[in-house]
Amino acid sequence: MASMIFTDPSSAAAIHRLPFARFNNGLISLRQFVGPPHVCSPTPTLPQTLSLRSPRSSRFITASMATEPSAKVIDGKSVAKQIREEISAEVLKLKDAIGVVPGLAVILVGDRKDSATYVRNKKKACESVGINSFEVHLPDDASEEEVLKFISDFNDDPTVHGILVQLPLPSHMNEQNILNAVTIEKDVDGFHPLNIGRLAMRGREPLFVPCTPKGCIELLHRYGVDIKGKRAVVIGRSNIVGMPAALLLQREDATVTIVHSRTKNPEEITRQADIIISAVGQPNMVRGSWIKPGAVIIDVGINPVEDASSPRGYRLVGDVCYEEACKIAAVVTPVPGGVGPMTIAMLLSNTLCSAKRAYNIK
């Protein structure tokens, strides 16, 4: 088998960059990728069935495998909308009970258009569920001390229940120092070493779980996918997706293997999986030949590829070849519209949980 070359998003900045490549003069710059082409060819499949529960009922759905696309497509937008409605009701209940409104503070440094877009989307999401949002926008040449001062102020502010530092930070700042300055009780991104350490230990509970991995597991739960005892493969070992996703699957009693850039025979290993979570940022790397018939696929990758037919000149694809996966897998997330909407929904959920914990409300 030809060797596959792929990268792991290995820093906390990666997840905040996933939807787009870097912007140059306001225009999107499409990356050149190493690996398989983004045009997927058909792959023959074997008949297979898997029973699943609808996310809105206890009724089970059977997905049949065939030579035509037949996988059940997870609607991340719909699930995220349902979660936001649940959060909105809880926020209102909290306000009526004790007069407290959850608050999320976001610190943005610099003028990156993609980062500004993420912050704007988070602010809109907060408004949609009744969470207060606080925003600090500092210039690119701001000092690390200025950022740390705002973090300290938000740490001490009882109206702020979650603090998020938008990544990436300018190169002159120490990202680790800044992220570690956020008090663990308000670390709604779930990146604090103590939160990750508690996630890794049996019998311990983290205060927060990183939002994207948490969203992946939530999708599996809401679609009635049984995780216990299943073989799961996580492709990618980043601190923000791959590693915590593997830990969460392990907590669900799955048998977990991590495939990364130094793994030999990744195709062979992945083909044994009942559940695949891929987060490597390589378009269509996981082909039909990597997938076990009837597998469940959660595709975290969001990669721009050139597309002359698109008005934008590009389209977004995942790490998994969607066309091939649909003919083999039982369940698959689309890109876009799968995991993406869940990340902000989980951020809102973490912020609500932080506010309730501050007042000892279950």
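Residue indices follow the written sequence of each chain, beginning from 1 at its first position. Owing to the predicted nature of the model, reporting of local features is limited to residues with pLDDT of at least 70; listing and counting of side-chain atom pairs is limited to 80 or more, with chain, interface and lining totals taken over all residues. The basis for every side-chain value is the complete set of non-hydrogen atoms in the structure, without hydrogens or water.

The protein is annotated in an unreviewed UniProt entry as embryo defective 3127 from Hibiscus trionum. UniProt positions are given in the numbering used here, feature names are shortened, and annotations may be inferred rather than shown by experiment. UniProt lists a comment for the protein under the heading Subunit (unreviewed entry), and it reads "Homodimer." Entered under Function (unreviewed entry) in the UniProt record, the comment concerning the protein runs "Catalyzes the oxidation of 5,10-methylenetetrahydrofolate to 5,10-methenyltetrahydrofolate and then the hydrolysis of 5,10-methenyltetrahydrofolate to 10-formyltetrahydrofolate."

(A) View of the overall build of the protein. Each helix is a run of H or I in the DSSP string that is no shorter than four residues. Each strand is a run of E no shorter than two, and both are numbered from the N terminus. When helices and strands are tallied, the protein shows 11 helices and 15 strands. Accessibility here uses a 1.4 Å probe with only protein chains present; expressed as a share of the type maximum, an area under 20% marks a residue as buried, one over 50% as exposed, and anything in between as partly exposed. For the protein, the residues scored as buried account for 52% of the 362 residues in total. By definition in these notes, contact holds between two residues if any of their heavy atoms fall within 4.5 Å. Sequence-distant contacts, at least 24 apart, represent 71% of the contacts inside the protein between residues at least 6 apart. Areas reported as accessible are Shrake-Rupley estimates using a 1.4 Å probe. Residue values count occlusion only from the protein chains shown. Accessible surface for the protein amounts to roughly 16500 Å². Of this, 51% is attributable to carbon and sulfur atoms.

(B) Quick look at the sheet that holds strand S6 (residues 103-109). A pair of strands is considered paired only if DSSP assigns at least 2 bridges between the two. The strand order S7-S6-S8 describes an open sheet built from three strands, whose pairing is parallel. Among the strands making up the open sheet, the edge pair consists of strand S7 (132-138) and strand S8 (162-165). Averaged over all neighbouring strand pairs, the angle between strand axes comes to 15 degrees, with direction disregarded. With four bridges connecting them, S6 and S8 associate as parallel partners. By the bridge assignment, Val106 is partnered in S8 with Leu164. Taken strand by strand, helix H3 (residues 113-129) contacts S6, S7 and S8, and its axis lies near 170 degrees from that of S6. Interaxial angles span 0 to 180 degrees and are taken between N-to-C directions of axes, which are lines fitted to C-alpha atoms, for helices over the stretch in contact.

(C) Broad picture of the environment of Ser309. Its location among the elements puts Ser309 in the loop between strand S13 (303-306) and strand S14 (314-317). Residue Ser309 is classed as exposed on the basis of its relative accessible area, which comes to 63%. Residues adjacent in sequence count toward polar contacts only when both atoms are side-chain atoms; beyond that, a polar contact is any pair of N or O atoms within 3.5 Å, and within protein one must be able to donate a hydrogen and the other to accept it. At a separation of 2.5 Å, a polar atom in the side chain of Ser309 contacts the side chain of Asp307.

(D) Seen up close, unusual backbone geometry. Cis geometry marks the peptide bond from Leu167 to Pro168, where omega comes out at 5 degrees. Note that Pro168 resides in the loop between S8 and helix H5 (175-181). The backbone phi angle of Asn284 is positive, close to 55 degrees, even though this residue is not glycine. Among the structural elements, Asn284 can be located in the loop between strand S11 (275-278) and strand S12 (296-299). For Asn360, which is not glycine, the phi dihedral falls at a positive 55 degrees. Of the residues examined, Asn360 reaches a relative accessible area of 71% and is grouped as exposed.

(E) Local environment of the packing of H3 against helix H11 (residues 340-358). Packing of H3 against H11 leaves a shortest axis separation of 10 Å and a crossing angle of 55 degrees. The angle between H3 and H11 places the two elements in the oblique class. Crossing hand, H3 versus H11: right-handed. Contact with H3, carried on its side by Asn121, Lys122, Ala125, Cys126 and Val129, involves Ile344, Leu347 and Leu348 of H11 and no other residues of that element. Throughout this entry, Asp, Glu, Lys and Arg are counted as charged residues, while Ala, Val, Leu, Ile, Met, Phe, Trp, Tyr, Cys and Pro are counted as nonpolar. The remaining residues, Gly among them, count as polar. Of the residues in the contact of H3 with H11, the class split is six nonpolar, one polar and one charged. In these notes the angle categories are as follows: under 35 degrees is roughly parallel, over 145 is roughly antiparallel, 65 to 115 is roughly perpendicular, and the rest is oblique. The crossing is said to be left-handed when, going from far helix to near helix, the turn is anticlockwise and less than a right angle, and right-handed when the turn is clockwise.

(F) Looking closely at the confidence of the model for the protein. Each residue carries a pLDDT value, the predictor's own confidence for that position, ranging from 0 to 100. The predicted model of the protein averages 86 in pLDDT, with 81% of residues at 70 or higher. Segment residues 7-38 is flagged for pLDDT under 50; beyond a separation of four residues in sequence, or across chains, it makes 89 contacts in the model. Below pLDDT 50 for its whole length, residues 58-66 participates in 36 contacts with residues either more than four positions away or in separate chains.

(G) A look at the sheet that holds S12. Within the open sheet, the six strands sit side by side as S5-S15-S12-S11-S9-S10. Their pairing is parallel. Looking along the sheet, the strands with just one partner apiece sit at the ends: strand S5 (72-73) and strand S10 (255-259). Of the pairings in the sheet, the one linking strand S9 (residues 231-235) to S11 comprises four bridges and is parallel in character. Of the residues in S11, the one forming a bridge with Val233 is Ile276.

(H) Up close: the side chain of Ser349. Among the structural elements, Ser349 can be located in helix H11. The exposure class assigned to Ser349 is buried, which follows from its relative accessible area of 16%. In this structure, Ser349 is in contact with Ile87 and Lys214, ignoring residues within four places of it in sequence.

(I) Representation of the pairing of S10. Direction of pairing for S9 relative to S10: parallel, over a ladder of five bridges. In the sheet register, Arg231 faces S10, and the bridge partner there is Thr255.

(J) Expanded view of helix H8 (residues 242-251). Where burial is concerned, most of H8 is hidden: seven out of the 10 residues are buried. Listing the buried residues of H8 in full gives Gly242, Pro244, Ala245, Ala246, Leu247, Leu248 and Leu249. Once H8 ends, the next one or two residues include Asp253, with phi positive near 70 degrees.

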